[in-house]
Amino acid sequence: MKITYFEKEGEDYTDELVAAVKERLDASDDIDTIVIASATGKSALKLYDAIDGDAEIINVTHHAGFKEENALEISDEMIDDLEEKGITTLVGCHAFSGANRGVTNKYGGFAPLDIVSDTLRMISHGVKVACEISIMAADAGLINVGEEIIAIGGRGSGVDTAVILTPANAKDLFNMKIHEIIAMPRD
């Protein structure tokens, strides 16, 4: 098994990341689900085109109000397009921040999940996102805990990180296991 490293984080590596995921998926007999963080749905579509139906894709996007009050970053048309292709889109509150962010924004300090997030970011921001969206999808009942999946994340737009992990529900956060890094940025 090989790990692909990118020079830096960012959307410039989305196509290479998707190719690395396809290669790893082709080498696997037991992974049939991919969770991807794609706020606009564009990266989810690239993944769909690349894997040609070899796995179920769950797209995870930001909650309403993440960038603009009462607004989603993903359009209704994109959600419909993804759904027509068999891709479920989860719109949800971030597992590692959610309401905690509202409390710390108002009163300062930090929440225990801030420590979890920052620890995962020591590996890469995309690893943090991959873990977070896996919890969100598990808590929504879209993926099974205890079964290995591929989780894809990044920072901002595009994706640059993919891992194989066994997801857990939020209440069992520390039961999540990261088994492999498929690709990630060095910086």
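Residue numbers restart at each chain and count upward from 1, following the sequence in its written direction. pLDDT decides what is reported in this predicted model: residues at 70 or higher carry local features, side-chain atom pairs at 80 or more are listed and counted, and totals for whole chains, interfaces and linings draw on all residues regardless. The basis for every side-chain value is the complete set of heavy atoms in the structure, and neither hydrogens nor water enter the calculation.

Colleague: Any chance you could explain the sheet that holds strand E7 (residues 177-185) here in plain terms?
Modeller: What holds strands together in a sheet is hydrogen bonding between their backbones, with the strands either parallel or antiparallel. The mixed open sheet is built from seven strands, whose spatial order is E1-E7-E6-E5-E2-E3-E4. Taken across any chain shown, the strands that pair with only one partner, and hence form the sheet edges, are strand E1 (4-6) and strand E4 (88-91). The average angle at which neighbouring strand axes cross in this sheet is 25 degrees, direction not considered. Both strand E3 (residues 56-61) and E4 contribute to a ladder of four bridges, which runs parallel. Looking at the pairing, Val 60 lines up with Leu 90 of E4. Between any two strands, pairing holds if DSSP finds at least two bridges. Each helix is a run of DSSP H or I of at least 4 residues and each strand a run of E of at least 2, with the numbering of both proceeding from the N terminus. To obtain an axis, a line is fitted to C-alpha atoms, over the contacting stretch when the element is a helix, and the angle between two such axes runs from 0 to 180 degrees between their N-to-C directions.

Colleague: In this structure, what is going on with the environment of Thr 4? I would like to understand it.
Modeller: By the secondary structure assignment, Thr 4 is in strand E1. A C-alpha to C-alpha distance of 8.9 Å links Thr 4 and Glu 16, two positions 12 residues apart in sequence. Contact definition: two residues touch when any of their heavy atoms are within 4.5 Å. Among residues more than four places away in sequence, those in contact with Thr 4 are Ala 20, Ile 182, Ala 183 and Met 184.

Colleague: Sorry, what's going on with the pattern of salt bridges here?
Modeller: By convention in these notes, a salt bridge is any Lys or Arg side-chain nitrogen within 4 Å of a carboxyl oxygen on Asp or Glu. Within this structure, the stated rule accounts for 11 salt bridges. Salt-bridge contacts for Glu 9 lead to Arg 155; the nearest nitrogen and oxygen are separated by 3.4 Å. Remark: Arg 155 occurs in the loop between strand E5 (149-153) and strand E6 (161-166) and Glu 9 occurs in the loop between E1 and helix H1 (14-26); sequence separation between them is 146 residues. Each residue gets one of three labels from its accessible area relative to the maximum for its type: buried under 20%, exposed over 50%, partly exposed in between, using a 1.4 Å probe on protein chains only. Judged by relative accessible area, which is 29%, Glu 9 ranks as partly exposed. Across the pair Lys 46 and Asp 15 runs a salt bridge whose closest N-O atoms are separated by 3.1 Å. With a gap of 31 residues between them, Lys 46 in helix H2 (residues 42-51) and Asp 15 in helix H1 connect regions that are remote in the sequence. Overlapping salt bridges, with partners in common, bring together Lys 22, Asp 26 and Asp 54 in one network.

Colleague: How should the packing of aromatic side chains be read in this particular structure?
Modeller: Ring pairs (aromatic) are described by centroid distance and by the angle formed between their planes. In this analysis, rings of Phe, Tyr and Trp, with Trp reduced to its six-membered ring, are considered paired at centre separations within 6.5 Å, and the interplanar angle assigns stacked below 30 degrees, edge-to-face beyond 60, and tilted for intermediate values. A complete count under the given rule lists one aromatic pair for this structure. Both rings, one in Phe 6 and one in Tyr 13, keep their centres 4.6 Å apart while their planes meet at 20 degrees; by these two values the pair is stacked. Side by side, Phe 6 and Tyr 13 carry an identical accessibility label, which is buried.

Colleague: Explanation requested: the environment of Asn 175 in the structure shown.
Modeller: Tracing the sequence through the fold places Asn 175 in the loop between E6 and E7. Along the primary structure Asn 175 and Ala 140 are separated by 35 residues, whereas in three dimensions their C-alpha atoms are 17 Å apart.

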